[in-house]
There are 2 protein chains.
Amino acid sequence: MFLGDNWIGTEPYGDLFPSTGLDAVVGSVGNGATLRMISDIPGMKYTEGRFLPYFFPDVFYEGGNPTAEAIDNWVKARRAILRKPVDRIGYGGYLSLAASFPDFITCVEQIGEEFRTLYDRMNGTKAYTPKFKVAVLNSWGKLRSWQTTMVAHALWYKKIYSYLGMLESLSGLAVDVEFISFDDVLESGIPEDIGVILNAGDAGTAWSGDDYWANEAIIACLKQFVYNGGGFIGIGEPSAFMHQGRFFQMSDVLGVDKEIGYTLSYTKYDQENTSDHFIMGGQVKPIDCGEKVEFIRSVSEQTQIIQMQRGDIAVAANSFGKGRSVYIAGLPYSPANSRLLLRSIYWAASAENEMLTWYCDNVETECAVYLETGWGVVINNSLDPQRTKLYKNAESYIEVELKPGGHEWFRVDSLTNSSINKFGCY
Amino acid sequence: MFLGDNWIGTEPYGDLFPSTGLDAVVGSVGNGATLRMISDIPGMKYTEGRFLPYFFPDVFYEGGNPTAEAIDNWVKARRAILRKPVDRIGYGGYLSLAASFPDFITCVEQIGEEFRTLYDRMNGTKAYTPKFKVAVLNSWGKLRSWQTTMVAHALWYKKIYSYLGMLESLSGLAVDVEFISFDDVLESGIPEDIGVILNAGDAGTAWSGDDYWANEAIIACLKQFVYNGGGFIGIGEPSAFMHQGRFFQMSDVLGVDKEIGYTLSYTKYDQENTSDHFIMGGQVKPIDCGEKVEFIRSVSEQTQIIQMQRGDIAVAANSFGKGRSVYIAGLPYSPANSRLLLRSIYWAASAENEMLTWYCDNVETECAVYLETGWGVVINNSLDPQRTKLYKNAESYIEVELKPGGHEWFRVDSLTNSSINKFGCY
């Protein structure tokens, strides 16, 4: 089956899909999220990614640069492949068009070689992730895994890109991601291994949750989860449903709510009060919040206001019992925003002391470490040369230099404690 | 009674207010809308405006400039006074502070003189307005006359200024304004003399109307009104209530709707298709829409898209039966935006041929004409010198030159048909 611009009618994450008798799913890879949408489909003999650009005249014309598009596509997909690979990769279109671009042919050969190497060195094992899992909570849960807020595959759309950035970030981050629904929570509570719950979307949509947030069983379950030490990250209009005088039903957890016109006569003078928060490590303010949700206000003096923008709160953190929360007004994908999300996840999980376990300090770079095979790889997600420290832990790191879009393999046991070495293109 | 920052508990536009036995209402004048809020209160022996600045040390300090604030306040209030005057004006605070600013004393003397002259020359009569009335439609109607979307009197607030601009514009425009409620419409329909209905506000608020828009009697009445030749102007999220697949319940009238996440997979490629619309006469694009409502889309190929901004429709016009509509994504007050609203009102009323009756072509200037007393006045709402054509009608105008914030009186009968003269500070 080819999974292209849509999946309607197939439900590849439905319970019955593996029993339909399909051999494989081949899908169009537009970015990391679409790669994971294909590679995570359960029950197939194999999955295959069809990469961009297609060999069509819109890209393969005299003076066109299909090689640049191939590299961009590969760099975006690669970080997702390192978390869960498709089993095969390919390209499609009119071969005669590609044949007249020898640079492109060479580039694809290199990408193919890079893919084979990493597939072999992963050898069916999973890269290092922290013990706690991350759950994306919405009305669809598992059935819409890697499909949240997505429109027409990976196409940019003004209404969604500030939410899709969360999914794109997660597709390549070193965390295990589950998609859970409000009904799951109602039926089974929150699984023991979940450390952080994410809720992102516009008010009134399936992604944010709409009137599920007026269900006291859900509210009680989630607040108990955070109160006992869990993490909650809200993006955009999380938990939004006007009920009992609040718009964000998790506003006491998040420390913020949205002014929708009901409390205009209350004076509100929010200001940044937390200049140097853990989640901002390595980031340059201001964070790009894309189609930032406006009119976000603090509801408590305890709220840590990390970034104000256009007079409102754009990034905030809070604590609630033993747990913690982060609010972000919008998160378009960029390596910097992806790192912000990763650090928010660790902080919300109260696991910031583990942050430096297999961690690259340069936000343009990431690493994937396969402890079972003994291999690790550092990747450069940018098209500029990069240098990064690769931490095994807080005491031990090596310095790595990377070519534009490049990668460097290393043996895990080459990093002894307190070793400081260099590799890459030094 | 002093009407300062609030009116709660008094309801000055309530039916019983005139019977409470008050002699007068004295109110703080922050701008044109607050002036009208005081001057239009029915049933008082007199009303009085208390002007800014108050004689307090925050303005009256060594090096302070209370005169500039006095002029700014007077210029904003004057255009509203010309529509419906308070009967007295005054200032308040510590006289000893004012006494040490002789410039200020002189300025106030001049303002007092200007007020006495215009009050005498109005002599209880009303300035020229077109035959049709304008109705502001919301959930409160008359009870909240000149109080819509207002927070803490005339203070700026991010959430309201893009709506308050409509009220501030109307306070000084040469149109008769009524405030009507949805319940009025349900009980009595739309009064015969209403030419244009305005609906402005955020979704889910009393100003926009929330679930009144799911009431088919209201919808039917309003659509019939427009279909038969009436005008409808929507600002922000007019008629917004998710119902039967539409968010703006008047979307077929307005020609636009807001994308709230339900039709994301429909391709939408709106572009400006009306470069030179009547309502934009004398305006420079782009119109400042303030806290513009985002994600506005056309719902018909007939929609006249006048201004796109950040990828969405910001200003549009449409026709519906014999009637017309205008949509504006936000309207902070400025002389230019006030003119946009006036022209939108005339166009929506299909009265654009009457636009030049007592009209100043320079948007920084306006005129008020008292046909019963034979006096007219041209005012300069800016703090720069201005020159304008003052039209008696399409065939006859004179040129007027005005000092910064200045005004010039003229006798109505000095404009004969086809006369082209000059007055003012030439």
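Residues numbered from 1 in each chain as written. Chains lettered and ligands numbered in written order. Predicted model: local features only at pLDDT ≥ 70, side-chain atom pairs only at ≥ 80, totals over all residues. Heavy atoms only, no water.

Once that is clear, we can look at the environment of isoleucine 194 of chain B. Note on placement: isoleucine 194 of chain B falls in strand S7 (residues 194-201). Not counting residues within four places of it along the chain, the set of residues in contact with isoleucine 194 of chain B comprises Lys133, Ala135, Glu178 and Phe225 of chain B. (Helix = DSSP H or I, 4+ residues; strand = E, 2+ residues; numbered from the N terminus. Contact = heavy atoms within 4.5 Å.)

This next bit is on the relation of the copies chain B and chain A. Of the transformation placing chain B onto chain A, the axial shift is 0.0 Å and the rotation is 180 degrees, giving an RMSD of 0.0 Å. Seen this way, the second copy is the image of the first under a two-fold rotation axis. Both copies contact each other with a shared surface, as 100% of the interface residues of chain B are interface residues in chain A too. (Least-squares fit on C-alpha atoms with pLDDT ≥ 70 in both.)

The next subject is the domain arrangement of chain A. All names here are of chain A. Partitioning chain A into structural domains gives domain 1 (17-122), domain 2 (133-354) and domain 3 (359-411). Here domain 2 and domain 3 have C-alpha centroids that lie 28 Å from each other. Listed as interface residues are 10 residues of domain 2 and, on the opposing side, eight residues of domain 3. For the pairing of domain 2 and domain 3, the buried interface totals around 650 Å² over both sides, and the portion due to carbon and sulfur atoms is 45%. When the buried area of domain 2 at its contact with domain 3 is split by residue, Pro335, Arg339 and Arg343 rank highest and sum to 63% of it. If you look at where domain 2 meets domain 3, you find zero salt bridges. Inspection of the domain 2/domain 3 interface yields four residue pairs in polar contact (both at pLDDT 80 or more). A total of six residues in the side of domain 2 that touches domain 3 trace back to one element, the largest contributor, which is helix H9 (residues 335-348). Along the lines of polarity and charge, the residues of the side of domain 2 that touches domain 3 split into four nonpolar, four polar and two charged. (Domains from an automatic or database assignment. Buried area = accessible area lost by both parts, 1.4 Å probe. Salt bridge = Lys/Arg side-chain N within 4 Å of Asp/Glu carboxyl O. Polar contact = N/O pair within 3.5 Å; in protein donor to acceptor, adjacent residues only side chain to side chain. Nonpolar A, V, L, I, M, F, W, Y, C, P; charged D, E, K, R; others polar.)

Across the boundary between the two partners, chain B contributes 23 residues, which contact 23 residues of chain A. In total, about 1,800 Å² of surface goes out of reach between chain B and chain A, with carbon and sulfur atoms giving 52% of it. Linking chain B with chain A are six salt bridges. For glutamate 294 of chain A, the salt bridge goes to lysine 158 of chain B, with nearest N and O atoms at 2.7 Å. The interface formed by chain B and chain A contains 14 residue pairs in polar contact (both at pLDDT 80 or more).

What follows covers the sheet that holds strand S4 (residues 88-90) of chain B. Residue and element names in this part refer to chain B. What the four strands build is an open sheet, ordered S1-S2-S3-S4; its pairing is parallel. Either end of the sheet is taken by a strand with one partner, and the two such strands are strand S1 (2-3) and S4. Bridge count for strand S2 (residues 24-28) against strand S3 (residues 46-50) is five bridges, and the pairing is parallel. Across the sheet, glycine 27 pairs through a bridge with glycine 49, a residue of S3. Helix H1 (residues 32-39) rests against S1, S2 and S3 of the sheet, and its axis sits at about 170 degrees to S2. (Pairing = 2+ DSSP bridges. Axes fitted to C-alpha atoms, helices over the stretch in contact; angles between N-to-C directions.)

Next up on the list: the layout of surface pockets. Roughly 1,500 Å³ of volume is contained in the largest pocket. At the level of secondary structure, the elements contributing two or more residues to the lining of the largest pocket comprise helix H5 (161-172) and strand S9 (240-243) of chain A together with helix H5 (161-172) and strand S9 (240-243) of chain B. Grouping the constituent residues of the lining of the largest pocket by class yields 22 nonpolar, nine polar and 19 charged. Quantified by volume, the second largest pocket comes out at close to 780 Å³. As for the second largest pocket, its lining consists of 33 residues, of which Gly30, Asn31, Lys76, Ala154 and Leu155 of chain B are closest to the centre. Put simply, the parts of the chain that give the lining of the second largest pocket at least two residues each are helix H2 (66-81) and H5 of chain B. Of all the elements, H2 of chain B adds the most residues to the lining of the second largest pocket, at five residues. (1 Å grid on protein atoms, 1.4 Å probe; cavity = no way out; pocket = protein on both sides within 12 Å on 5 of 7 lines; lining within 4 Å. Points joined across faces, edges and corners; volume = space filled by probe spheres on them.)

This brings us to the pairing of S9 of chain A. Residue and element names in this part refer to chain A. Inspection of the sheet shows S9 paired to strand S10 (residues 246-248) by two bridges, in the antiparallel sense. Each bridged residue has a counterpart across the sheet, and for alanine 240 the counterpart in S10 is phenylalanine 248. A loop of two residues connects S9 with S10, the two strands running antiparallel in sequence, and glutamine 244 in this loop sits at a positive phi of about 50 degrees.

Residue and element names in this part refer to chain A. Remark: helix H1 (residues 32-39) packs on H5, axes separated minimally by 8 Å, with the N-to-C direction vectors making an angle of 60 degrees. Regarding H1 and H5, the two cross each other, and that crossing is left-handed. Contacts from Gly32, Ala33 and Arg36 in H1 reach Leu167, Glu168, Leu170 and Ser171 in H5. Its residues assigned to classes, the contact of H1 with H5 comprises three nonpolar, two polar and two charged. (Left-handed = near helix turned anticlockwise from the far one by under 90°.)

What sets the pattern is the α-helix's 3.6 residues per turn: residues three or four places apart point alike. All names here are of chain A. For helix H4 (residues 102-122), which comprises 21 residues, the first-to-last C-alpha distance of 30 Å matches the rise-based estimate of 30 Å (1.5 Å per residue) to within 8%. Of the residues making up H4, those classed as buried are Phe104, Cys107, Ile111, Gly112, Glu114, Phe115, Leu118 and Met122. The buried residues of H4 occupy an angular sector of 165 degrees when the element is viewed end-on, so they sit on one face. Exposed side of H4, more than 90 degrees from the buried face: Pro102, Glu109, Gln110 and Asp120 are the residues found there. Against helix H2 (66-81), strand S4 (88-90), helix H3 (95-99), strand S17 (365-370) and strand S21 (407-411) lie the buried residues of H4. (Expected span 1.5 Å × (residues − 1). Buried < 20%, exposed > 50% of the residue type's maximum accessible area, 1.4 Å probe, protein only. Arc of directions from axis to C-beta.)

On to the side chain of serine 28 of chain B, then. Residues and elements named next belong to chain B. Residue position: serine 28 is located in strand S2. Take serine 28: its relative accessible area is 8%, and that puts it in the buried class. When sequence neighbours within four positions are dropped, the list of residues in contact with serine 28 reads Phe2, Leu3, Gly4, Thr34, Ile38, Arg50, Leu52, Tyr54 and His153.

All names here are of chain A. As for its position among the elements, glutamine 307 is in strand S13 (residues 304-309). On the basis of relative accessible area, glutamine 307 is assigned to the buried category, the value being 1%. Among the polar contacts listed, one links the side chain of glutamine 307 to the backbone nitrogen of isoleucine 287, at a separation of 2.7 Å. Here the side chain of glutamine 307 touches glutamine 309 through a polar contact of 2.9 Å, side chain to side chain.

Residue and element names in this part refer to chain A. Here seven strands make up an open sheet; going across it, the order is S6-S5-S7-S8-S15-S14-S13 and the pairing mixed. Of all strands in the sheet, those with a lone pairing partner are strand S6 (177-181) and S13, marking the two edges. Mean inter-strand twist for the sheet, computed between neighbouring axes without regard to direction, equals 20 degrees. Pairing of strand S14 (residues 312-320) with strand S15 (residues 323-328) involves six bridges; the strand directions are antiparallel. Counterpart to valine 315 in the pairing with S15 is isoleucine 328. Its contacts with the sheet put H5 on strand S5 (133-138), S6, strand S7 (194-201) and strand S8 (231-236), and the angle it makes with S7 is roughly 150 degrees.

On to the environment of aspartate 183 of chain A. All names here are of chain A. Relative to the assigned elements, aspartate 183 resides in helix H6 (residues 182-188). With 35 residues separating them along the chain, aspartate 183 and isoleucine 218 place their C-alpha atoms 8.9 Å apart. Engagement of the side chain of aspartate 183 in a polar contact is seen with the side chain of tyrosine 212, the distance being 3.0 Å.

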